[in-house]
Amino acid sequence: MNLTVLAVDDSRTMRDMIRLALVQAGFTVHVAEDGINGLEVLEGLEPDAIITDINMPRMDGFGFIDAVRAQDDHRATPILVLTTESAPELKMRARNAGATGWIVKPFDPIKLVKALQMVAG
Amino acid sequence: MSDPMDPMAEIRASFFIECEELLEALQDGLNQLEDGGEDTETINVVFRAVHSIKGGAGAFGLEALVRFAHRYETVLDEVRSNRLVPDHEALKLFFQAADHLSDLVRACRDDQPLPEETSAALLDELDKLLGDQTEEEVQPQDFTPLGVSLDLPGLSDLDDAADGSDPIPCWTIHFKPAFELYETGNEPQMLLRNLCALGEAEVSCDIGELPGLLDLKPETPHLAWTIRLTADVDEAEIRAVFEFVEGLCRLDITRDADPAAAPEAAAPAPMPDAAAEPGDPRPATPSPAPEAAPKAGSAGNSSKSVVRVDLERIERLVNLVGELVINQAMLSQSLESAGLSPHSDAMNGLEEFQRLTRDIQDSVMMIRAQPVKSLFQRMSRIVREASAAVGKEVRLITDGENTEVDKTVIERLADPLTHMIRNAVDHGLETAEARKASGKTEEGHVRLTAAHRSGRVVIEVADDGGGIDRQKVLETAVRKGLVPSDAVLSDTEIDNLLFLPGFSTAGKVSNLSGRGVGMDVVKTAIQQLGGRISIASERHRGTTFTISLPLTLAVLDGMVVDVAGETLVLPLNVVVETLSLSSEDVQMLRPGANVVRVRGGFVPIYDLGAMLGYRPVRTDFTGCIVLLISLDDGHRAALVIDGIQDQRQVVIKGLDDSFYRAPGIAAATILGDGQIALILDPADIIAGNGPIRVPDRSLKEKRADHG
C-alpha cells in the first residue's frame, strides 16, 4: 500500500536511509531537516504517518510533535519517534508529547516499514 | 560495499561526508565553549554532532565508533543538562575526544585498523569525568514491534493442526483503549488488524458501555474488544503488537487451557466481525511496489544539498574549459585578422562568447574551491598535539576560515603548514617560564590567517614568541658552511637562511619538529604550488611566515608582452601601471643598477631581456616601456620590456613535470595563435636578480636554492 510519510531528521544520512527504506517499499517520502522545516513541509501535506528524530536544531522532536498535535488536521496522524536510546523515560516523554510509537535507531528497514504499516495501515 | 549501484554504499559514503561536516561543527562548538560561549545552543550543537555520528554509525554496524561516540555523548549530555561544568582540563579532553572521534570515523571509512588503545585510554578519562555513575553498555537494540513469521500463517497453522502433534495455542485477549490511546494517534482498528495478521482471530466488540446517543461524548472511549486468537505465537509476541499502547489501555491476555477450542476457531476463518472492520488482511511483509513513489520535492529546502562528483570528472572539465579558452582566443584572433568590423554580428557574437567562456571558467573554478576551514581545523589539532608534546600552553587563533582556495592547493598545503605550525610551537614560542620572565602571558599564541589579497591567497602563520635569533642563525649557517664566515648579511637575508637545504636551528633536535625536514622542504612545496613564502621576525615579539598562493592552478589573467622578440606573459594582478621612459626619468646608482622616478619615488629598474639572457644589458633606457609592478611584500619594481601585446586570460600549463624549475619562470601557456609563451613569476625574478642589493656570495647561495 502506498503510504505518504513525512520524515524529519537533522542527519542527512538518516534521511537518506529512511527515504531509501520507504521508497523501496513503495511509499511516498517527504523529508525535512528539523522541526521548523518539518512544519513547513507538513503544510499542504496529508501524510499517513510522520517519523521524527528527537535531537534536532531549531525545534526538537518534542516541540515538533506538540506543534503537529496542535493542528486539528493532525490530531490523529500517527507519529513515530526515532530514538537511539531505548530508555523507557524517553519513550514516555515522547508519548506524553503525543507520539504514537517509537523506532529505535539503528532501524531495520523492514521493521521500519512494518512499524509504519502497523500504525498507519 | 564498493558496488556503485548499491544504494547503501552510496548512503554510507554520504554518511562519512556528513561526518566530516559534523566533526567540523563539533570543533567549532568546542572552540566556542573554550572561548567561554555561554550560549546553551553551543553545547547542544556539540552534543548533536556526536549524537548524529553515533546514530549513523549504528546504522552501518560500526560498533567501535558507536561505543566511543556513546560514551562521549553521555559526558556531553551531563554538560548539556548542567550536571557537569567542564573546566579547562575537561575541555582539553573533549578536544582530544573529538580528534579521536575523527580518527575513528576515518579509520572506519577507509577500513583501516582502529586505534583501540587510544579509545580505551580516552574512554577511561571520560569515565573519570562521569564520576561514580556506572554507564551501561549500549547494545544496538533491536526493535521488535511484531513477531510475525514470514510464513503465511493460515497455511502453516493448518498443517500443524492436521498433524495434531502440537496444538496451536488459543488466546483470549481483552482490550479496552483509554483516552490517551487515541490522543497519541493510535488506532484500535490498526491494532486489531495487526493482531489478526498473527493467525486466526475472532474479534467481537463490547458495546456494553456505550451510552445512549444523548449522553454520548464523542471523544470519550466506550468500546472494548475481545479477541480470540488462534496462532502459534507466545504471549510476548501478542504483547509486542500492543507495545506502543502499553499503559494506554487495559489489556488482558490469557491462554485458553482447552486445546479442543483450536479446531473450531481454525475452521475456515470467519472474518473478524464488523465492529473491528479490519478490511482485507494484508500480507505481513510489504510487497515491494514497482511503481516507486516520486521523491519528495521538499528535499530542495535543504540549504546545503550536495552532489558527490568524482574528482577526475572535474579535472576533465577544468581541462576542457582550458581548451575552450585557448580555442576562443584563437577564434578571436583569426576573426580579427580577417578584418571584420568590430560592429559586425560575428564580432558581437564573439564578445558574448568571450563573456560566456569567462563565466564558465569562473564557475568551474568555483567547483574546485573550498574554504580553508577544514585545513585550519586540522592545524588546531596539530597545535594541541604539538603543545602537549613539548609541554607548552598554546592557543591557536584562526581567522579567515571561509577563504576559498582550490582543493588541490588545500590538500598540498597540509604538509607544509603542519610543519610550520609545529615549528612555531616548538621553536617559535618560548617556554612558559621564559614568557613569564619577559612579561608575556604564559600561554603562547599562534595565529593562522587566510585572506584574498590582490588575486592571490595569503596565508600567515604568526607566533608571539621570541623571534628569530639572527646571531644564532648566522653562526649555524657559517658552521655548516652555508655562508662564508666573513659574510655581511641583512636581517632579511639571515632570515632567509632558514630556507636553505640542510639548515636546522634547533640546538637540540626535539621529537617534534626535528624530523630531518627543514624549512627548505616547506619552501619547495609552496613553490610547487606557484606560491612564495617570506619571513618577518622581530626579536621578542614573534615571527610571521607569509605564504602567498595563486587562487587557482589553472588560469591566469595575464599581460602578454614582447621582450627581445620573445612573447612572455606576466600575471596581470602585479602590474600597477605602464610607463614610457624618457631620459630624465632614469637615474643610475652605479653601473648596472638604475632606478626610475615614479611620482616622487624611486623604483629599481629590471631589464627583463638581459635578466632572462635574451640580450646584453642595456645602458640607455630612453624610449623603453616599463611595467610598474607591485609585489605582495610591498616592493615595487619597473620591468623593462619592448612592447605590450594584449591583456588576456591564459591557461597555465605546468613545466615542472617536463623540465626543471627555472628561476623566474612560473609556467607556460599556449596563446591564441598556437604559439607557446612563458609565464613569468616577477617576485622570483626580482628575488633572484637583485641589482640593487649587494652582490655577495650569499646571494649566489640563494640563487642556487631557486635552481
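As the structure is a computational prediction, the values presented were derived from the model and not from experiment.

Undergrad: I keep staring at the packing of helix 1 (residues 7-34) of chain B against helix 4 (residues 88-109) of chain B and nothing clicks. Help me out?
TA: The axes of two packed helices give the description: the angle between them and the distance between them. Residue and element names in this part refer to chain B. Where helix 1 meets helix 4, the axes come as close as 10 Å, and the angle between the chain directions of the two elements is 170°. Taken together, the axis directions place helix 1 and helix 4 in an arrangement best described as roughly antiparallel. Contacts between helix 1 and helix 4 involve Phe16, Cys19, Leu23, Leu26, Gln27, Leu30, Leu33 and Glu34 on the former and, on the latter, Leu91, Phe94, Phe95, Ala98, Leu101, Ser102, Val105 and Arg109. Here the contact of helix 1 with helix 4 is composed, by residue class, of twelve nonpolar, two polar and two charged.

Undergrad: Just to check I follow, could you spell out the environment of Gly247 of chain B for this structure?
TA: Among the structural elements, Gly247 of chain B can be located in the loop between helix 9 (235-241) and strand 4 (249-255). Gly247 of chain B sits 69 residues away from Ala178 of chain B along the chain, and the two C-alpha atoms are 8.7 Å apart.

Undergrad: Which parts of the structure should I look at to understand the pairing of strand 9 (residues 456-463) of chain B?
TA: Regular strands place their side chains on alternate faces of the sheet. All names here are of chain B. Across the eight residues of strand 9, six count as buried, placing the element largely inside the fold. Here strand 8 (residues 444-453) runs beside strand 9; their pairing, made up of eight bridges, is antiparallel. Residue Ala451 lies in a different strand from strand 9, and its bridge partner there is Val458. One ladder, built from eight bridges, connects strand 9 with strand 11 (residues 542-550); its direction is antiparallel. Note on strand 11: the bridge partner recorded for Ile459 is Ile547.

Undergrad: In this structure, what is going on with unusual backbone geometry? I would like to understand it.
TA: Most peptide bonds are trans, and most residues other than glycine sit at a negative phi. With a phi close to 65°, Arg58 of chain A is a non-glycine residue in the positive phi region. Along the chain, the position of Arg58 of chain A falls in the loop between strand 3 (49-53) and helix 3 (61-69). The partly exposed category is assigned to Arg58 of chain A, around which 14 C-beta atoms lie within 10 Å. Positive phi, normally seen in glycine, also occurs at His540 of chain B, with a value near 70°. Mapped onto the elements of the fold, His540 of chain B is located in the loop between strand 10 (532-538) and strand 11. The class of His540 of chain B is exposed, set by 12 C-beta atoms lying within 10 Å.

Undergrad: Mind showing me how you'd approach helix 5 (residues 109-120) of chain A here?
TA: An α-helical segment advances 3.6 residues per turn. Residues three or four places apart therefore align on the same side. Residues and elements named next belong to chain A. Along its twelve residues, helix 5 runs 16 Å from first to last C-alpha, staying within 8% of the 16 Å computed at 1.5 Å per residue. With nine of twelve residues buried, helix 5 lies mostly within the body of the structure. Residues of helix 5 that are buried include every one of Leu112, Val113, Lys114, Ala115, Leu116, Gln117, Met118, Val119 and Ala120, and no others. Trailing helix 5 by a residue or two, Gly121 shows a phi angle of about 75°, which is positive.

Definitions and cut-offs
Residues numbered from 1 in each chain as written. Chains lettered and ligands numbered in written order. Predicted model: local features only at pLDDT ≥ 70, side-chain atom pairs only at ≥ 80, totals over all residues. Axes fitted to C-alpha atoms, helices over the stretch in contact; angles between N-to-C directions. Helix = DSSP H or I, 4+ residues; strand = E, 2+ residues; numbered from the N terminus. Parallel < 35°, antiparallel > 145°, perpendicular 65-115°, else oblique. Contact = placed C-beta atoms within 7 Å. Nonpolar A, V, L, I, M, F, W, Y, C, P; charged D, E, K, R; others polar. Buried ≥ 20, exposed ≤ 12 C-beta atoms within 10 Å, placed from the backbone. Pairing = 2+ DSSP bridges. Expected span 1.5 Å × (residues − 1).

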